[in-house]
Amino acid sequence: MTPFRPIAMKKGELARLYFPTATTAVATNRLMRWVNQCAPLLKDLEQTDYHRSQKLLTARQVSIIVRHLGEP
């Protein structure tokens, strides 16, 4: 299995990697619940100018999420 390589992607795309059997909307809600409940993760994301309403995550933001939550 190849290691996960962070790239810029839509929030829903990343969420579906973590929750492959859920719909995009449900997966996104679950992922964002995890993000919002992890204060260190949210703090790191905010340092990248992350905003809750943004739909596209930068490669750096994806990398931060994966570092905190583990590989999908």
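Everything below is about the structure printed above this text.
Anyway, here's the lowdown on the structure attached to this text.

Conventions and cut-offs
Residues numbered from 1 in each chain as written. Predicted model: local features only at pLDDT ≥ 70, side-chain atom pairs only at ≥ 80, totals over all residues. Heavy atoms only, no water. Helix = DSSP H or I, 4+ residues; strand = E, 2+ residues; numbered from the N terminus. Rg over C-alpha atoms; globule rule 2.2 N^0.38 Å. Buried < 20%, exposed > 50% of the residue type's maximum accessible area, 1.4 Å probe, protein only. Areas by Shrake-Rupley, 256 points an atom, 1.4 Å probe, with all protein chains shown as cover. Lys, Arg positive; Asp, Glu negative; His and termini not counted. Charge placed at Lys NZ, Arg CZ, Asp CG, Glu CD. Core = buried A, V, L, I, M, F, W, Y, C linked by side-chain atoms within 4.5 Å. Contact = heavy atoms within 4.5 Å. Phe/Tyr/Trp six-rings, centres within 6.5 Å; stacked < 30°, edge-to-face > 60°. Polar contact = N/O pair within 3.5 Å; in protein donor to acceptor, adjacent residues only side chain to side chain.

**As for the overall build of the protein chain**
Thinking step 1. The helix and strand tally for the protein chain stands at 4 helices and 2 strands.
Thinking step 2. Put simply, the protein chain runs from its N terminus to its C terminus through helices and strands in the order β-α-α-α-β-α.
Thinking step 3. Computed over its C-alpha atoms, the radius of gyration of the protein chain comes to 11 Å, within 12% of the 11 Å expected for a compact globule of 72 residues.
Thinking step 4. Along the longest, intermediate and shortest principal axes, the C-alpha atoms of the protein chain span 30 × 25 × 20 Å.
Thinking step 5. By the burial criterion, 33% of the 72 residues in the protein chain qualify as buried.
Thinking step 6. Approximately 4,900 Å² of the protein chain is accessible, and the part contributed by carbon and sulfur atoms is 54%.
Thinking step 7. Positive and negative side-chain charges of the protein chain, numbering 11 and 5 respectively, have mean locations separated by a distance of 6 Å.

**Notes on the nonpolar core**
Most often, soluble globular proteins have nonpolar side chains that are buried together.
Thinking step 1. Membership of the largest hydrophobic core comes to 18 residues, with the highest contact counts inside it found for Leu14, Tyr18, Leu31, Leu45 and Ile65.
Thinking step 2. When residues of this core are traced back to their parent elements, those giving at least two are helix H1 (11-18), helix H2 (24-37), helix H3 (39-46) and helix H4 (59-69).
Thinking step 3. Setting aside chain neighbours within four positions, we find leucine 45 in contact with Val35, Tyr50, Gln61, Ile64 and Ile65.

**Thoughts on the packing of aromatic side chains**
Thinking step 1. A full pass over the atoms with the stated rule returns 2 aromatic pairs.
Thinking step 2. Chaining the aromatic ring pairs together yields one cluster made of Tyr18, Phe19 and Trp34.

**Section: the environment of proline 72**
Thinking step 1. Topologically, proline 72 is positioned in the segment after H4.
Thinking step 2. Residue class for proline 72 comes out partly exposed when judged on its relative accessible area of 33%.
Thinking step 3. Beyond its immediate stretch of four places on either side in the chain, proline 72 contacts Phe4, Leu17, Tyr18 and Val66.

**With respect to the side chain of lysine 11**
Thinking step 1. On the secondary structure map, lysine 11 appears in helix H1.
Thinking step 2. Engagement of the side chain of lysine 11 in a polar contact is seen with the side chain of tyrosine 50, the distance being 3.5 Å.

**What to know about the side chain of threonine 48**
Thinking step 1. Its place among the elements puts threonine 48 in the loop between H3 and strand S2 (56-57).
Thinking step 2. Looking at threonine 48, its side chain comes within polar contact range of the main-chain oxygen of leucine 45, at 2.5 Å.
Thinking step 3. Ignoring sequence-local partners within four residues, the contact set of threonine 48 consists of Arg60, Gln61 and Ile64.

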